[in-house]
Each structure stands twice: as structure tokens, then as C-alpha cells.
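If you want the building blocks of each chain, they are given just below.
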2 protein chains.
Amino acid sequence: MADLPEPITTLIKQLAKLPGVGQRSAQRLAFHVLKMSDADVLAFVNAIDSAKKNLKNCSVCGGITDIEPCAICNSEKRKNGILCIVANAKDVFVIEGMREFSGQCHVLGGTLSPMDGISPKDLNIDSLIKRVKAGGINEVILATNPDVAGEATASYLSDILKPLGVRVTRLAYGIPMGGSLEFIDPLTLSIAIEGRRDI
Amino acid sequence: MADLPEPITTLIKQLAKLPGVGQRSAQRLAFHVLKMSDADVLAFVNAIDSAKKNLKNCSVCGGITDIEPCAICNSEKRKNGILCIVANAKDVFVIEGMREFSGQCHVLGGTLSPMDGISPKDLNIDSLIKRVKAGGINEVILATNPDVAGEATASYLSDILKPLGVRVTRLAYGIPMGGSLEFIDPLTLSIAIEGRRDI
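Residues numbered from 1 in each chain as written. Chains lettered and ligands numbered in written order. Predicted model: local features only at pLDDT ≥ 70, side-chain atom pairs only at ≥ 80, totals over all residues. Heavy atoms only, no water.

Q: Run through the overall build of chain A, naming residues and quoting values.
A: A tally of regular secondary structure across chain A gives 8 helices and 6 strands. The helix and strand sequence of chain A, counted from the amino end, reads α-α-α-β-β-α-β-α-β-α-β-α-β-α. Relative to the 2.2 N^0.38 estimate, which gives 16 Å for 199 residues, the radius of gyration of chain A is 22 Å and therefore markedly larger than a compact globule would have. Each principal axis of the C-alpha distribution contributes one length, and for chain A these read about 65 × 45 × 35 Å. The buried share of chain A, reckoned over its 199 residues, is 42%. (Helix = DSSP H or I, 4+ residues; strand = E, 2+ residues; numbered from the N terminus. Rg over C-alpha atoms; globule rule 2.2 N^0.38 Å. Buried < 20%, exposed > 50% of the residue type's maximum accessible area, 1.4 Å probe, protein only.)

So this is what it looks like as C-alpha cells:
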């Protein structure tokens, strides 16, 4: 494509580096950018700039924030004694998206994975223990993913946190709402039957 | 999500405006941007800036270019008498991606569509007629899409261009290479049989 203009081939290359964006999508996005108004492009570029410059990890919970400590850690309303442990900062968005959790969060920054060389000291576990020891927390909800690494991490944290005198809970396993039995994997179904409840 | 930091929610909103990017993808992209190095973010933002500032439509062919006229129109090597007509500037990328077409292109800027109020005067047809009348062109390949609007546009252009004494051709219809008969629609198959060739 020697005869194509350099600015657009560069833009396509840059866009194709984004996760989930292939060559075709990158082309489509590049032409979309060309069609956007100058003001829209400026707003877009400024949003990237501002996010990159102003966001850091909260020193208390490890989540993404532009103030220190973050709005969740700083809110008196959210000091209700419940702490939700998640693996990654983006999981906080999922929790907040629910609009029902009114406690605080703690971001581990990953899950235990000996194969990838991720041991407890690589996660925000020391700060978690400090928070729990500081008091004011009655319950810790372990909200890591229900996969091997997430389960191992939850189990490890449970062993550490229980002796500190807090209630340790785990998200319920079962069939997802709106799901169809036809498409549920056998393991989930067997866990859902095992955990059945009287109605 | 009142407690989430503004710079990231703004970035997610901006990313979600892109075509094909939903709320989830926008979140994933936003967190990817936060993980990118400062240099990578700068290169990305500069690519957007540069594309937006330096690219315009070529006055000759209507394609995207950073020089005037564009590299394709300006290249002596590509003045071989063959002109490929495409609907949109991004179609030029598809033609160039083939690395086999050595003629010139002409971008209509859309296809005829009375329903959407797009008539011949809204497309770069006057400039096409001027180019053909100026001479040096022996063949015009109509490479609009094989859909209703593309066919109508090709038919309209054919009627206009043939009296000017140039050969007017259309891309071949048939089964796509690597396709499977099982998944070919009946219309394409019937056209492929109609257009069968001796081997």
C-alpha cells in the first residue's frame, strides 16, 4: 500500500494495536475519526490525555482514582463495615455498575498464579490485612472470578482473614439470571443443584 | 457510578461513541489506555491529530490524501489508462491492499440512493466525466458493491460513460475464493452458474 497516505496508515497501525481491534476494524475506526468533527476529535484526544495524566491507583484500596484517597474510600456513607475484594481495578466498575453495593472495595491487582510467578507478595494483600486489622470492617466479600486462580486466591485470603475475626463470604455460585439451562455447563448446573434453596 | 473517577468515565464515554465499540469494549479499551506507556499514548494521540489535520480529499480522485493531488493520481506509473470507480475512500484501501491494481481510482463519495436523497449531483460524477473526457482513459472498472445501491450506481455510470467512448466493465460476480458452496446464497450461486467459464 505504498501509495496510501502516511497519516492514515500510521493511524490504522496505532488503532490496530488496541485489544480486540483487527486490521479491518482499525481501518473502519480510522475513517470514522476522519469524519468526526474537530471538536469531537479534540474531546476524544483530551479524554485520553486527561485519563492518562490524572488517574493513579488509590493508596488505600488500589482502585483507579483521580483524587487521593479515592471517592469510594473517602465517602463516609460507604463505611458500612463491608469490604468487597476484587482482582482488578476494572472489577470495581462492575460492582459500581450494579448500583446496589454500598460498602467499600479493595483491589488485589491480580490473582495468585504460581505458573505466572504471581505470589501473595505481588498482590495488595498486606494493605488488605492492615485495613482489616485497623477495625471497622465486619464482613469481607471475596469477589474474585470463579476460575482456578480466583478460587485459589479466595481460599488463600479466607485462611488469612478468618483468624482476624471478620466474617468472610464468597459470591454465590449458580445459574446466571436470564441464562438458559440448555447452555449451562454441567459443573455450574451441579453446583446450582447442590446449592439449591427452599422457596 | 457516581463514585467512579471522572477522567475514566469520560474516556469510556468517548470510546463508546466509536463504531462497533459498546460499553464493555469501551471499558476494556480505557483500562488498556491506562496500562499503555506514556510514549505509546503520545504516539496514539499524535496519530489521531496528524490524520485529522493533514488528510483531505484529493481534488482529482476524491480519495483521502495528505498531498495534492494524491500519490496515486500523481504517479506516472499508474497512468495506464485504467480507472477504477469505487463508492467510498476506504474502498481505495481494499483495492490497494490487493497489491495488483496498477491503474488509478475515482471515489464517488457514496452511491445513488433516492430514498436517502442521494442523487447524481451529490456524488463526484462531474469530476469523473471531466477526467474521462480529458482523455488517457481506455477502461473504467465499476467497483461499487454488488447491492441495490451499488448496482443502480454502476448502471447509471455505465449509461453515462459508454457514449464517451471508453470500455466500461464491472467486477465479476460469482462464488468468493475459499468460500464453501454450503454457505453460498442461492442468488450468488445462480449468477455463478450463469457466468460459468470453460476450463
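Q: Pulling in residues and values, what's your account of helix α5 (residues 89-97) of chain A?
A: Listing the buried residues of α5 of chain A in full gives A89, V92, F93, I95 and E96 of chain A. Angular distribution of buried residues about the axis of α5 of chain A spans 165°; they occupy a single face of the element. For α5 of chain A, the secondary structure elements touched by its buried residues are β2 (64-65), α4 (71-74), β3 (82-86) and β4 (104-107) of chain A together with α1 (6-16) and α2 (23-35) of chain B. Backbone geometry just after α5 of chain A places R99 of chain A at a positive phi near 60°. (Arc of directions from axis to C-beta. Contact = heavy atoms within 4.5 Å.)

Q: Report on the relation of the copies chain B and chain A, specifying residues and quantitative values.
A: What relates the two chain copies is a rotation about an axis together with a slide along it. Each copy of the sequence occupies a distinct position, and chain B is placed on chain A by a rotation of 179° and an axial shift of 0.0 Å, giving an RMSD of 0.1 Å. One copy is carried onto the other by what is essentially a two-fold rotation axis. Considering only C-alpha atoms, the part of chain B nearest the rotation axis is V45 of chain B, at 3.1 Å. A share of 100% of interface residues in chain B that are also interface residues in chain A marks the association as one of identical surfaces. (Least-squares fit on C-alpha atoms with pLDDT ≥ 70 in both.)

Q: Talk me through the packing of aromatic side chains; I want residue IDs and the actual numbers.
A: This structure, assessed with the given rule, holds 2 aromatic pairs over all chains. Measuring from ring centre to ring centre gives 5.1 Å for F31 of chain A and F93 of chain B, while their planes differ by 90°; the resulting arrangement is edge-to-face. Placement of the pair is F31 of chain A in helix α2 (residues 23-35) and F93 of chain B in helix α5 (residues 89-97), with the two residues belonging to separate chains. For the pair F31 of chain A and F93 of chain B, a shared accessibility class is recorded, and that class is buried. (Phe/Tyr/Trp six-rings, centres within 6.5 Å; stacked < 30°, edge-to-face > 60°.)

Q: Residue-level account of the sheet that holds strand β6 (residues 167-170) of chain A, with values.
A: Paired through their backbone hydrogen bonds, the strands of a sheet run either parallel or antiparallel. Residues and elements named next belong to chain A. Reading across from one edge, β4-β3-β5-β6 is the order of the 4 strands in this open sheet, with parallel pairing throughout. One side of each edge strand has no neighbouring strand; the edge strands of this open sheet are β4 and β6. Ignoring which end each strand starts from, the neighbouring axes of this sheet average 25° apart. Helix α6 (residues 125-133) contacts β3, β4 and β5 (139-142) of the sheet and is inclined by roughly 150° relative to β4. (Pairing = 2+ DSSP bridges. Axes fitted to C-alpha atoms, helices over the stretch in contact; angles between N-to-C directions.)

Q: Quick one: what's the story with the sheet that holds strand β6 (residues 167-170) of chain B, residue by residue and with numbers?
A: Residues and elements named next belong to chain B. Pairing is parallel in the open sheet, where 4 strands are placed in the order β4-β3-β5-β6. Either end of the sheet is taken by a strand with one partner, and the two such strands are β4 (104-107) and β6. Sheet twist, expressed as the average angle between the axes of neighbouring strands with direction ignored, equals 25°. Sheet analysis places strand β3 (residues 82-86) next to β4, joined by 4 bridges and oriented parallel. Within the sheet, the bridge partner assigned to L83 lies in β4 and is Q104. Contacts between helix α6 (residues 125-133) and the sheet are confined to β3, β4 and β5 (139-142), with β4 contributing the most and set at about 150° to the helix.

Q: Break down a nonpolar patch on the surface for me, citing the residues and quoting the values.
A: Residue and element names in this part refer to chain B. Side chains of I175, L181, L189 and I193 sit close together on the surface and give an oily, nonpolar patch of about 360 Å² of accessible area. Among the secondary structure elements, I175 is positioned in the loop between β6 and α8 (186-194). Overall, I175 belongs to the partly exposed group, its relative accessible area being 44%. (Patch = residues over 30% accessible without salt bridge, like charges linked within 9 Å, V, L, I, M, F, W, Y side chains within 5 Å. Areas by Shrake-Rupley, 256 points an atom, 1.4 Å probe, with all protein chains shown as cover. Salt bridge = Lys/Arg side-chain N within 4 Å of Asp/Glu carboxyl O.)

Q: Please give an account of the interface of chain B and chain A that cites residues and values.
A: Size of an interface: often given as the accessible area lost when the parts come together. Between chain B and chain A, the contact holds 52 residues from the first and 52 residues from the second. When chain B packs against chain A, the two sides together hide about 5000 Å² of surface, and 74% of this comes from carbon and sulfur. Contact with chain A buries surface across chain B, with D3, K52 and F93 of chain B losing the most and accounting together for 15% of the total. Seen at the junction of chain B and chain A, the total is 0 salt bridges. If you look at where chain B meets chain A, you find 5 residue pairs in polar contact (both at pLDDT 80 or more). Looking at the side of chain B that touches chain A element by element, the count peaks at 12 residues for helix α3 (residues 38-54) of chain B. Looking at the side of chain B that touches chain A, its residues break down into 29 nonpolar, 10 polar and 13 charged. (Buried area = accessible area lost by both parts, 1.4 Å probe. Polar contact = N/O pair within 3.5 Å; in protein donor to acceptor, adjacent residues only side chain to side chain. Nonpolar A, V, L, I, M, F, W, Y, C, P; charged D, E, K, R; others polar.)

None of this, on its own, says anything about what the molecule does.
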